[in-house]
Amino acid sequence: TECVSGCVCPEGLFDDGRGGCVKEKDCPCIHNNEWYSSGEKIKVDCNTCTCQKGVWKCTNEVCYGTCMIYGSGHYNTFDGKFYDFDGSCEYVATQDFCGDKKSSGSFSIITENVPCGTTGVTCSKAIKMFLGVSDDTQSVHVSNQVEIQRDVGGDVQYWNRTVGLYLVIEASNGVMLIWDKKTTVFIKLSPDYKGKVCGLCGNFDDKSNNDFTTRSGLHDANSLKFGNSWKQSPMCPDVTQEIKPCDLKPHRKSWAEKECSIIQSEVFKICHSKVDPHPFYEACVHDACSCDSGGDCECFCSAVAAYAQECTKAEACVFWRTPDIC
């Protein structure tokens, strides 16, 4: 299926895998099952890749990491591991206090999760951001749901601004928080933190298979044990089972599947080859089933917006909102 010279093409030309014969310099490249012509560019995270003679040549920039927490307990870690955790407590989303005695740490971000709906799933209701290292902190309420605590000495500065639907808080230590003022939070970290953070967002070392590292530094394949280890208060109950809201509310399931099918539809077709829609569709159905005490459209909209946001990052911009949809 790739560009090869052989008995199919005249000498000096190559089979391009699509039934044609081309010169070597015109060989196409493949990415996520899509063909790209020679000279075409694609964006992979913050790097640009160019197709040259059938091979991708990419720039070598080190990229910011992004962790997404959205809807009823969905997490996408800095290293791209997607999982669900429905705990009702305060949890460490990410911090750089990770057991290394030499590191005093410079920040910690805590998410407070509360039940949303009657099935027992939880949503992130409030975010606390701790900046700096001293015990002498001052607290700043940026909004009802976002609180920042920082050193009185102020060795870490921060700025907040509103960009479109989002509240953006940027700190001088390379930490950024982006919140949609509902149930979606993005945490962005500069590359300096690679491999130096811990919490529900994983360890940002470009390997997703070790993201479930507990507070005590052990790897656990079980997302519930991993999640429970990061709770802030020992008084909170442990989560013992995964909640399946569509099984508890079967009458909502067909509505949820019908609404969420937009993620797998033609509307998002240009994104499907760049970002796998399946986990986002599953999360959407989960949320649409669980939001049964008002705000069910908001839950559905946030779930679709989360996929749209990942598509935008992958340079597949989709205009999906209409007067009828969100």
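What you are looking at is a predicted structure, and each value in this text was computed from that prediction instead of being measured. (Residues numbered from 1 in each chain as written. Predicted model: local features only at pLDDT ≥ 70, side-chain atom pairs only at ≥ 80, totals over all residues. Heavy atoms only, no water.)

1. Some points on the overall build of the chain
Next, step 1: In terms of regular secondary structure, the chain is built from 6 helices and 19 strands.
Next, step 2: Residue burial in the chain is summarised as follows: out of 326 residues, 46% are buried.
Next, step 3: Long-range pairs, those at least 24 residues apart, make up 47% of the contacts in the chain between residues at least 6 apart in sequence.
Next, step 4: Summed over its atoms, the accessible surface of the chain is roughly 16,500 Å², and 51% of this surface lies on carbon and sulfur atoms. (Helix = DSSP H or I, 4+ residues; strand = E, 2+ residues; numbered from the N terminus. Buried < 20%, exposed > 50% of the residue type's maximum accessible area, 1.4 Å probe, protein only. Contact = heavy atoms within 4.5 Å. Areas by Shrake-Rupley, 256 points an atom, 1.4 Å probe, with all protein chains shown as cover.)

2. Remarks on the pairing of strand E7 (residues 55-58)
Next, step 1: As defined by bridge partners, strand E6 (residues 47-52) adjoins E7 across 4 bridges and the pair is classed as antiparallel. Bridging from a neighbouring strand, Cys-49 pairs with Cys-58 of E7.
Next, step 2: Between the antiparallel neighbours E6 and E7 lie 2 residues, among them Lys-53 with a positive phi of about 50 degrees. (Pairing = 2+ DSSP bridges.)

3. Things to note about the sheet that holds E7
Next, step 1: Read from one edge of the open sheet, 3 strands run E5-E6-E7, paired in antiparallel fashion. Both edges of this open sheet fall to strand E5 (41-44) and E7, since each of them pairs with a single strand only. This sheet shows a mean twist of 35 degrees between the axes of neighbouring strands, independent of strand direction. (Axes fitted to C-alpha atoms, helices over the stretch in contact; angles between N-to-C directions.)

4. Brief notes about the environment of Ser-124
Next, step 1: If you trace the backbone, Ser-124 turns up in strand E13 (residues 122-131).
Next, step 2: Separated by 59 residues in the primary sequence, Ser-124 and Thr-183 have C-alpha atoms spaced 5.8 Å apart.

5. Remarks on the pattern of salt bridges
Next, step 1: Tallied over the entire structure, the rule returns 9 salt bridges.
Next, step 2: We note a salt bridge from Asp-26 to Lys-25, for which the minimum N-O separation is 3.3 Å.
Next, step 3: For Asp-26, a relative accessible area of 35% gives the class partly exposed.
Next, step 4: Of the charged contacts, one joins Glu-242 and Lys-244 as a salt bridge, the two residues approaching to 3.7 Å between their closest N and O atoms.
Next, step 5: Its relative accessible area of 46% is what places Lys-244 among the partly exposed residues. (Salt bridge = Lys/Arg side-chain N within 4 Å of Asp/Glu carboxyl O.)

In short, the description is geometric, and any link to function would need to be established separately.
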